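The primary structure of each chain is shown beneath.
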Amino acid sequence: MQLKPQDFLVALKLVAWGDQRWTYARLAQELGISVSEAHACVKRGLLAGLLLPNREPLPPAAGAGGPEALNDLAAQEAMGIYRITRKRVRRAALPDGTAAADNPVRPHAHNLAEFALHGAKYAFPAVKLPLVVGVPTSHSAPAFAGVFAPGSTDFVWPHPNGAVRGVGIEPLHPAVPFAAMQDARLYELLALFDALRVGKARERGMALERLQALIDPDSPKKAKGPLHG
């Protein structure tokens, strides 16, 4: 099994959605991919440990055991990943967290953060392109307006509807510019990832801290040492 860029994109989309209830059809529509590809991305994400199933396999019957029981459990788990239970309950009446638990999968916060911060830029390295008009990314994205001093080199994903001219960066996946323009939170996550891939030291440091907070907010916070220079 080889992890693909769109698998990482799907995992980040689920982070951006948080506790929202979603379907594979909606996931595919907002990312600009097919429903079958959305299923395949989730399957690979589970195998890679970037996602977790929300439905636990049924325990074996008393006295049951051996390879046949293990095969039955594996089949039940695989079916549970793709089954969406529809309940006749008003959404407003649902307690907090019910929507997230009703989804087929959820991000594995620790594993996904570790991969995003320390592995993804090597698995999916940045490819720089000539100057082009496109959608701003990295430190040039709208989420970071005012964070960095003006005059820095702008980076963009090439796109015909873009309004900024800068150094082109091949997006993580061809669907990235479209998907980012549909979801501001996903846009921030993708721009932060690009800052890790092409940013300078200060930009990479900021991206590491912010990505960690967005993907795995419950992780222990590192103590900051004194600033020099």
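Going by the structure above, here's the rest.
Everything quoted here is computed from the prediction, not taken from an experiment.

Asks: I'm lost on the pattern of salt bridges in this one. Help?
Replies: Side chains that carry opposite charge are capable of pairing whenever their charged atoms lie near each other. In total, this model carries eight salt bridges according to the counting rule given. Of the charged contacts in the structure, one is a salt bridge between Glu 30 and Lys 13, with a shortest N-O distance of 2.7 Å. On the criterion of sequence distance, the pair formed by Glu 30 in helix α2 (residues 24–31) and Lys 13 in helix α1 (residues 5–17) is long-range, its members being 17 residues apart. What you see here is one network of salt bridges that share partners, running through Lys 13, Arg 26, Glu 30 and Asp 183.

Asks: Any chance you could explain the packing of α1 against α2 here in plain terms?
Replies: Helix packing geometry: the angle between the two helix axes and the distance between the axes. The N-to-C vectors of α1 and α2 enclose an angle of 110°; their axes lie 11 Å apart at closest approach. One finds that α1 runs roughly perpendicular with respect to α2. Touching Leu 9, Val 10, Lys 13, Leu 14 and Trp 17 of α1 are Arg 26, Leu 27, Glu 30 and Leu 31, all from α2. In terms of residue class, the contact of α1 with α2 is built from six nonpolar, no polar and three charged.

Asks: Which parts of the structure should I look at to understand unusual backbone geometry?
Replies: Most peptide bonds take the trans configuration, and most residues that are not glycine carry a negative phi. For Ser 138, which is not glycine, the phi torsion reads 55° and is therefore positive. Within the fold, Ser 138 resides in the loop between β3 (128–137) and β4 (155–158).

Asks: Please clarify how helix α10 (residues 201–215) should be interpreted in this entry.
Replies: Here α10 spans 21 Å end to end across 15 residues, near enough to the 21 Å set by a 1.5 Å rise per residue. Elements in contact with the buried residues of α10: α1, α6 (109–118) and α9 (184–198).

Asks: Explain the nonpolar core to me, please; I cannot follow it from the model alone.
Replies: Nonpolar side chains tend to gather and get buried jointly when the protein is soluble and globular. Counting residues in each nonpolar core, the largest one holds 52 residues, and the members touching the most others are Phe 8, Leu 27, Leu 190 and Ile 215. Elements with a minimum of two residues in this core: α1, α2, α3 (35–48), α6, α8 (176–182), α9 and α10. With residues up to four places along the chain from it excluded, the contact list for Leu 27 reads Val 10, Lys 13, Leu 14, Trp 17, Trp 22, Ala 38 and Val 42.

Asks: Before we go on, may I ask you to explain the pairing of strand β5 (residues 164–169) in this structure?
Replies: For a regular strand, side chains alternate in direction, first toward one face of the sheet and then toward the other. With six bridges connecting them, β3 and β5 associate as antiparallel partners. By the bridge assignment for β5, Val 133 is matched with Arg 165. Of the strand pairs in this sheet, β4 and β5 are connected by two bridges, and their pairing is parallel. Bridge assignment links Phe 155 to a residue of β5, and that residue is Val 167.

Asks: Honestly, the environment of Lys 13 in this entry has me stumped. Any pointers?
Replies: With a relative accessible area of 0%, Lys 13 lands in the buried category. Distance in space between the C-alpha atoms of Lys 13 and Leu 190 is 9.5 Å, their sequence separation being 177 residues. Setting aside chain neighbours within four positions, we find Lys 13 in contact with Leu 27, Glu 30, Leu 31, Asp 183 and Leu 186. Reaching out from Lys 13, the side chain makes a polar contact with the side chain of Asp 183 at a distance of 2.8 Å.

Asks: How should the packing of aromatic side chains be read in this particular structure?
Replies: Ring pairs (aromatic) are described by centroid distance and by the angle formed between their planes. Evaluation of the coordinates by the stated rule reveals seven aromatic pairs. Taking 6.2 Å as the distance between ring centres and 85° as the angle between the ring planes, the aromatic pair formed by Phe 115 and Phe 124 counts as edge-to-face. Chaining the aromatic ring pairs together yields one cluster made of Phe 8, Phe 115, Phe 124 and Phe 193.

Rules of the game
- One numbering rule holds for all chains: residues counted from 1, following each sequence as written.
- Residue-level local features of this predicted model are given only where pLDDT is at least 70; pairs of side-chain atoms are given and counted only at 80 or more, and the full residue set underlies all totals for whole chains, interfaces and linings.
- In computing side-chain values, all of the structure's heavy atoms are included and hydrogens and water are not.
- The term salt bridge refers to a side-chain nitrogen of Lys or Arg lying within 4 Å of a carboxyl oxygen of Asp or Glu.
- Comment: elements are numbered from the N terminus, with helices defined as DSSP H or I runs of at least four residues and strands as E runs of at least two.
- Note on geometry: axes are C-alpha line fits, over the in-contact stretch for helices, and angles between N-to-C directions span 0 to 180 degrees.
- An angle below 35 degrees is treated as roughly parallel, one above 145 as roughly antiparallel, one from 65 to 115 as roughly perpendicular, and anything else as oblique.
- Any two residues whose heavy atoms approach within 4.5 Å at even a single point are treated as in contact.
- Lys, Arg, Asp and Glu make up the charged group, whereas Ala, Val, Leu, Ile, Met, Phe, Trp, Tyr, Cys and Pro make up the nonpolar group; the residues left over, Gly among them, are polar.
- Given a helix with a known number of residues, its expected span is that number minus one, times 1.5 Å.
- Here, nonpolar core means buried Ala, Val, Leu, Ile, Met, Phe, Trp, Tyr and Cys residues that are tied together by side-chain atoms lying within 4.5 Å of each other.
- With a 1.4 Å probe rolled over the protein chains alone, any residue whose accessible area is under 20% of its type maximum counts as buried; one over 50% counts as exposed, and the rest are partly exposed.
- Here, a strand pair is defined by DSSP locating no fewer than two bridges between the strands.
- Within 3.5 Å is the distance limit for a polar contact, defined as a pair of N or O atoms, with the added protein rule that one can donate a hydrogen and the other accept it, and that residues adjacent in sequence qualify only through two side-chain atoms.
- Any Phe, Tyr or Trp ring, taking Trp's six-membered ring, that has another such ring centre within 6.5 Å forms a pair; planes under 30 degrees apart are called stacked, those over 60 apart edge-to-face, and the others tilted.

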